[in-house]
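# Results of the structural survey
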Amino acid sequence: MPIPPLKEQFAALVAAPSVSCTQPGWDQSNRPVIELLAAWLGELGFACETPQVAPGKFNLLASYGSGPGGLVLAGHSDTVPFDAALWASDPLKLREADDRWYGLGSCDMKGFFALVIEAVRPLLQQPFRRPLLILATCDEESSMSGARALAAAGQPLGRAAVIGEPTGLRPVRLHKGIMMERIDILGQSGHSSNPAYGHSALEAMHGVLGELMALRGQWQGEYHNPLFDVPQPTLNFGCIHGGDNPNRICGQCALEFDLRPLPGMDPQQLRAIIRQRLQPLAERHQVKIELAPLFPAVPPFEQAADSELVRLAERLTGHRAEAVAFATEAPYLQQLGCETLVLGPGDIACAHQPDEYLQLECIEPTLQMLRRLIEHYCLQPAARP
Ligand SMILES: [Zn+2]
């Protein structure tokens with residue numbers, strides 16, 4: 001299968017549907033994208049593995065060269081759901097206008113893979129001293145199950161990993177984690193005329209809210225990182241549901257909240273601390289209190305400022321590595337021993353939005369940067385920071 005020119009690759013990737021979503025009605029297989037990439041990369045001499053992570057969901061690991069070390073260029077093959085009515089044109093059909101390529105996944109981030117292929121093609125005549133791995137994951141936009149499966153498998157991927165999420169070609173070495181949790185309180189309902197007839201879940205929830213706000217204050221005192229726009233960890237009460245009648249003791253109450261820990265805070269530990277603080281409330285109110293994640297936490301991410309990859313990326317881009325307000329698969333690649341950085345073309349502001357686009361002016365700088373990274377990690381005799 002001959003590899004089409006860059007724009008046609010872009011168009012084919014945009015046209016291959018790969019929505020991932022926690023709502024089953026929206027969720028799609030990412031197989032079409034994985035098959036396209038595996039065919040093109042196979043044609044270039046890459047060895048391709050496409051492990052199935054869940055029914056219809058695949059990762060792609062395409063490697064060129066072998067041995068330890070090397071570079072990982074990574075991204076996700078899925079997109080968010082879309083509302084075609086809000087787009088100026090068909091979201092699955094690449095459209096060029098205003099020096100931009102419009103299409104779903106053009107910027108976040110199927111287009112990145114076409115740029116990686118374009119960057120690597122002219123380098124393949126040279127001997128690769130260390131391997132290049134191109135990694136495309138599934139379900140980044142929903143459960144991150146693709147990256148989680150890789151982390152769980154524990155197979156080392158390379159010395160350095162660059163995730164090409166849209167950062168406007170600025171290196172990103174920190175982001176917060178994301179935890180979305182639910183607290184269920186089960187009390188006992190009864191006639192409101194006598195408090196002894198029941199155990200109010202709502203009154204227990206009042207205590208829970210107080211404890212969580214106290215914890216939030218404590219954590220915001222303990223943790224502070226000026227590299228973030230919002231320099232403290234945050235905890236947001238998103239929704240609460242409980243009770244049914246003013247004249248009935250409330251038997252059930254549920255709260256959902258979002259907690260964004262800073263690097264250095266461990267989601268498992270935070271959950272254990274919350275549980276510990278809620279236990280006395282359960283006893284005092286004689287209710288059952290359960291805390292459970294709505295989905296597995298994304299850990300916070302920090303790559304050391306003085307690591308080789310950060311220094312190299314700062315030199316190549318002319319920008320100091322910074323922090324962002326969105327989460328990525330970076331912590332999972334880091335768990336596999338890669339120095340990891342988020343660095344890719346495009347503007348995150350247009351990701352997850354109608355009329356998502358990639359500016360054509362960022363294509364050439366992206367290709368140059370990717371080639372420098374490949375040269376440094378795969379072609380040069382010794383890796384020098
Ligand atoms: Zn993305």
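Cut-offs and rules
Residues numbered from 1 in each chain as written. Predicted model: local features only at pLDDT ≥ 70, side-chain atom pairs only at ≥ 80, totals over all residues. Heavy atoms only, no water. Domains from an automatic or database assignment. Contact = heavy atoms within 4.5 Å. Buried area = accessible area lost by both parts, 1.4 Å probe. Polar contact = N/O pair within 3.5 Å; in protein donor to acceptor, adjacent residues only side chain to side chain. Helix = DSSP H or I, 4+ residues; strand = E, 2+ residues; numbered from the N terminus. Nonpolar A, V, L, I, M, F, W, Y, C, P; charged D, E, K, R; others polar. Donors = N, O, S within 2.8 Å, 3.2 Å for Na, K, Ca; no water. Tetrahedral: all angles 85-135°; square planar, octahedral: opposite > 155°, others 65-115°. Buried < 20%, exposed > 50% of the residue type's maximum accessible area, 1.4 Å probe, protein only. Pairing = 2+ DSSP bridges. Core = buried A, V, L, I, M, F, W, Y, C linked by side-chain atoms within 4.5 Å. Salt bridge = Lys/Arg side-chain N within 4 Å of Asp/Glu carboxyl O. Phe/Tyr/Trp six-rings, centres within 6.5 Å; stacked < 30°, edge-to-face > 60°. Lys NZ or Arg CZ within 6 Å of the ring centre and 35° of its normal.

## Here we look at the domain arrangement of the protein chain
Under the domain assignment used here, the protein chain contains domain 1 (6-175 + 299-379) and domain 2 (179-293). For domain 1 versus domain 2, the distance between C-alpha centres works out to 37 Å. Contacts between the two partners involve ten residues from domain 1, matched on the other side by nine residues from domain 2. On the domain 1 side of the interface with domain 2, the three residues burying the most area are L174, P300 and A323, jointly 59% of the side's total. Counting every contact that joins domain 1 to domain 2 gives zero residue pairs in polar contact (both at pLDDT 80 or more). Among the elements that take part in the side of domain 1 that touches domain 2, strand β10 (residues 172-175) stands out by supplying three residues, more than any other. Looking at the side of domain 1 that touches domain 2 residue by residue, the class counts come to seven nonpolar, one polar and two charged.

## Remarks on the coordination of the zinc ion
Here the zinc ion is held by the protein donor atoms H76 (NE2), D108 (OD), E165 (OE) and E165 (OE), which lie 1.8 to 2.7 Å from it. Each of the four donor atoms around the zinc ion contributes to a set of angles spanning 53 to 140 degrees, which defines the coordination as irregular. Within one chain, the residues serving as donors to the zinc ion are arranged as H-x31-D-x56-E. A residue pair is termed long-range when its members are at least 10 positions apart, and H76 in strand β5 (residues 71-76) and D108 in the loop between β7 (100-102) and α3 (110-120) qualify at 32 residues. We note that H76, like D108, is buried.

## Here's the deal with the pairing of β10
Across three bridges, β10 lies against strand β16 (residues 322-324) in parallel orientation. Bridge assignment links V172 to a residue of β16, and that residue is E322. One ladder, built from two bridges, connects β10 with strand β15 (residues 301-302); its direction is antiparallel. Bridged to H175 within β15 is F301.

## Concerning the pairing of strand β4 (residues 60-64)
Along β4, four of the five residues are buried, which leaves the element largely enclosed by surrounding structure. Taken together, the three bridges between strand β1 (residues 47-49) and β4 define a ladder with antiparallel strand orientation. Its bridge partner being in β4, A47 is matched across the sheet by S63.

## Here we look at the nonpolar core
One finds L37, L41, F46, L71, F128, L132 and I374 to be the most contacted residues of the largest nonpolar core, which totals 63 residues. Considering every element that reaches this core, the biggest residue donor is helix α9 (residues 363-379), with nine residues. Discounting chain neighbours no more than four positions away, the residues touching L41 are F46, C48, L60, A62, I117 and I134. A201, V208, C250 and A323 belong to the second-largest nonpolar core, a separate cluster that totals 30 residues.

## Topic: the environment of G70
Following the sequence through the fold, G70 ends up in the loop between β4 and β5. Note on G70: relative accessible area 1%, which makes it buried. The residues touching G70, leaving out its near neighbours within four places in the chain, are R130, P131, G158, R159, A160 and Y377.

## A few points about the pattern of salt bridges
Summed over all chains, the structure comprises 16 salt bridges. Where R159 meets E308, a salt bridge forms, and the shortest distance between an N and an O atom there is 2.2 Å. Highlighted residues: R159 in the loop between α4 (145-153) and β9 (160-163) and E308 in helix α7 (residues 308-317), separated in sequence by 149 residues. R159 gets classed as partly exposed once you look at its relative accessible area, which sits at 38%. K288 is the salt-bridge partner of E290, the closest N and O atoms lying 3.6 Å from each other. Overall, the relative accessible area of 45% leaves E290 in the partly exposed class. Residue classification places K288 among the partly exposed residues on the basis of a relative accessible area of 47%.

## Examining the packing of aromatic side chains
According to the stated counting rule, one finds six aromatic pairs in the structure shown. Note on F46 and Y64: the rings are 5.1 Å apart at their centroids and 45 degrees apart in plane angle, and the pair reads as tilted. Of this pair, F46 sits in the loop between α2 (31-43) and β1 while Y64 sits in strand β4; the two residues are 18 residues apart in sequence, bridging distant segments of the chain. Residue classification places Y64 among the buried residues on the basis of a relative accessible area of 17%. We note R95 situated over the ring of Y102; from NZ or CZ to the ring centre the distance is 4.5 Å. Directly above the ring of Y357 sits R100, whose terminal nitrogen or CZ lies 3.8 Å from the centroid.

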